[in-house]
Amino acid sequence: MCGIFGYVGKKNTAAEIVLEGLKLLEYRGYDSWGVTVKSGKKLVVDKHVGKIGDAKVKLPKSTIGIGHTRWATHGGVTVANAHPHLDCTKTVAVIHNGIIENFEELKTDLIKKGHKFLSETDTEVVPHLIEQYLKKAGFASAVRDAFNQLKGLNAIVVAYAPSQEIVAAKTGSPLVVGIGKNEFFVASDAAGILKHTRNMLFLGDNEMVILGPSADGLQLLSLPSGKKKKPVFETIDWKIEDVDKGKFDYFMLKEIYEQPKVIRNIAQTYTDQITSLAKAIEQANGTFFIGAGTAFHACLAGTYLFSTIAHTHVNTAVASEFNYLEDFLTNKSLIIALSQSGETIDVIEPLHRAKQKGSKVVAVTNVLGSSIYRLSDHKLLLGAGPEKAVASTKAYIAKLSVMILLAYSLANKFDHGKKLLLAAADEVGRLLQEANLKGIKKLALQLRSVEHIYTIGRGLSFATALESSLKIKEVSYIHTEGLAGGELKHGTIA
């Protein structure tokens, strides 16, 4: 996961705009970062190791710029490995999110053709591939031809010194384009461009976009063919303050404190959406919950809720394992996919196969226009607002809130479910009062120096045990295991 940001327009402060966008996206990668702008007929690069923090760039005035914040996969954390990466002529710059599975064979072939590589990354093959194709094609065509050579799930943004445009393409990894007045922004997350515009184009898999500074400077193409497509724009309702830390020191704290508001919103405004989804479940012959990580734990909680409240059977699976259970699927099956980002590839892949079998897909996600959102037959947005912390908090609570309302709706007790959620919102607010935080902090001090932690629960609390274990691992890096209470004696004590 890396942060991508690009700008093309009339403003000559591209470097500052890109850097500001990267600071909003730093949670996607924080080991190194870099910015490239076009200056005349050349590209100027500024790359650094470490977090962005309050950094500033010393780059020329420009109307075109791209930048990247990295979470290393191929190659160590060095300036040479930081993005953007250039070709031999220093006129092509590329930023990238994903993994190029065939980069070694591409690199070997390019070296034979005389290309010189300066990094250990898989990304660097892309600018050299584009350089090669530029010998016989224009900028956009060269990017298309190069991207078609890549195997794996990737998103790229490309700047070319002789051009007044930037080109972006994706399959798997997320990309969103923000549309301003005679200017365009491209980022790996809508939160990065919310300050500039709420009018957005979410790129689908195997799509490429050409962005220029004119009013009609957006062209959407299908890959691999390059055939033009009509773009479909979305307007997101997030507010600018949603992507700032505000009075909090950390995004995770901010998002924890937003939980009561998220719960109340679902309780008070989701009647029609929940009722519609409940009908789809009643009409299905076999319902499956799938998710990954935190989302799977919400799915597991949903299984218990449906059993105890609605007396309804649902099947729950880890999304990455669902491929091995898909023989059960028919055109009457219903797959309910939970995902905060809507871009989790372990969820997306089985959904494609389910669709091939004629099964209906429901997206329960937090991101409008995301891959899972577009792939689904029924859509339910969590409405939790941007979630930047790696450890999901308010989106998890939103998923649980949806599951509770769904279970009570199926039991024809929707109003009771709503009443419980509103009470839960008040209770979360009480737990976050300073008097109660003292006890939480005291417990944390006792646990911070231990080597192993085991969290246990029974029934509905089993999902909570698994989720709390995941949270401790993600945030503190202490080894933690979540267990069903009765399983503690089976090996763990030994």
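Residues numbered from 1 in each chain as written. Predicted model: local features only at pLDDT ≥ 70, side-chain atom pairs only at ≥ 80, totals over all residues. Heavy atoms only, no water.

Student: Would you take a moment to explain the layout of surface pockets for this structure?
Tutor: To locate leftover empty space, one rolls a probe as large as a water molecule over the atoms. Each pocket or cavity is described by its volume, and for the second largest pocket that value is around 1,300 Å³. As for the second largest pocket, its lining consists of 45 residues, of which Met1, Arg28, Ser341, Glu343 and Thr344 are closest to the centre. Among the residues forming the lining of the second largest pocket, the class breakdown is 22 nonpolar, 15 polar and 8 charged. (1 Å grid on protein atoms, 1.4 Å probe; cavity = no way out; pocket = protein on both sides within 12 Å on 5 of 7 lines; lining within 4 Å. Points joined across faces, edges and corners; volume = space filled by probe spheres on them. Nonpolar A, V, L, I, M, F, W, Y, C, P; charged D, E, K, R; others polar.)

Student: Could you clarify how one ought to interpret the pairing of strand β18 (residues 334-339) in this entry?
Tutor: Residues in a regular strand point their side chains to alternate faces of the sheet. Taken across its 6 residues, β18 has 6 buried, putting it largely inside the fold. Here β18 shows two buried faces, one formed by Leu334, Ile336 and Leu338 and the other by Ile335, Ala337 and Ser339. In this structure, strand β16 (residues 287-291) lies alongside β18, joined through 4 bridges in parallel fashion. In the sheet register, Ile290 faces β18, and the bridge partner there is Ala337. Pairing geometry for β18 and strand β19 (residues 360-365), over 6 bridges, is parallel. Residue pairing across strands places Leu334 opposite Lys360, the latter belonging to β19. Viewed along the sheet, the connection from β18 through helix α9 (residues 345-356) into β19 turns out right-handed. (Buried < 20%, exposed > 50% of the residue type's maximum accessible area, 1.4 Å probe, protein only. Helix = DSSP H or I, 4+ residues; strand = E, 2+ residues; numbered from the N terminus. Pairing = 2+ DSSP bridges. Right-handed = clockwise from strand over helix to strand, strands pointing away.)

Student: Help me out: how do you make sense of the pattern of salt bridges in this one?
Tutor: Where charged atoms of side chains with opposite charge meet at close range, the side chains can pair. As enumerated under the stated definition, the model contains 15 salt bridges in all. For Lys11, the salt bridge goes to Glu183, with nearest N and O atoms at 2.8 Å. Taken as a pair, Lys11 in the loop between β1 (3-8) and α1 (14-24) and Glu183 in the loop between β9 (176-179) and β10 (184-187) lie far apart in primary sequence, 172 residues in all. According to the relative accessible area criterion, Lys11 is partly exposed, its value standing at 40%. For Glu183, a relative accessible area of 10% gives the class buried. Here Glu427 makes a salt bridge to Arg430, at a shortest N to O gap of 2.7 Å. Here Glu427 pairs with Arg430, and both are found in helix α12 (residues 414-431), just 3 residues apart, close to one helical turn. Each of Lys254, Glu258 and Lys394 takes part in one network of salt bridges that share partners. (Salt bridge = Lys/Arg side-chain N within 4 Å of Asp/Glu carboxyl O.)

Student: Where do I start with empty space enclosed by the protein in this structure?
Tutor: One pass over the structure, following the stated rule, counts 1 cavity of 30 Å³ or more. Volume-wise, the largest cavity comes out at about 80 Å³. Taken together, Cys2, Arg70, Trp71, Thr73, His74, His83, His96, Asn97, Gly98, Thr121, Asp122 and Thr123 make up the full set of residues lining the largest cavity. Of the residues forming the lining of the largest cavity, the biggest block, 3 residues, is contributed by strand β6 (residues 92-98). Split into classes, the residues belonging to the lining of the largest cavity amount to 2 nonpolar, 8 polar and 2 charged.

Student: Explanation requested: the nonpolar core in the structure shown.
Tutor: Across soluble globular proteins, nonpolar side chains have a tendency to be buried as a group. In this structure, Phe306 and Ile336 are the most contacted members of the largest nonpolar core, which totals 49 residues. Every element with two or more residues in this core is listed here: α6 (259-269), α7 (271-283), α8 (294-310), β18, β19, α11 (394-410), α12 and α14 (460-476). With 10 residues, α11 is the single largest residue contributor to this core. Apart from the residues lying within four places of it in its own chain, the contact partners of Phe306 are Ile281, Phe289, His311, Thr312, Val314, Met403, Leu406, Ala407 and Leu410. In this structure, Ile52, Ala187, Trp238 and Tyr373 belong to the second largest nonpolar core, which totals 30 residues. (Core = buried A, V, L, I, M, F, W, Y, C linked by side-chain atoms within 4.5 Å. Contact = heavy atoms within 4.5 Å.)

Student: Can you help me understand the packing of aromatic side chains in this one?
Tutor: In this structure the tally under the stated criterion is 6 aromatic pairs. Plain terms: the ring middles of Tyr7 and Phe185 are 5.3 Å apart, the flat faces sit at 50° to each other, and that makes the pair tilted. Residue Tyr7 is found in strand β1, and its partner Phe185 is found in strand β10; the two are separated by 178 residues along the sequence. Taken together, the ring pairs connect Phe5, Tyr7 and Phe185 into an aromatic cluster. (Phe/Tyr/Trp six-rings, centres within 6.5 Å; stacked < 30°, edge-to-face > 60°.)

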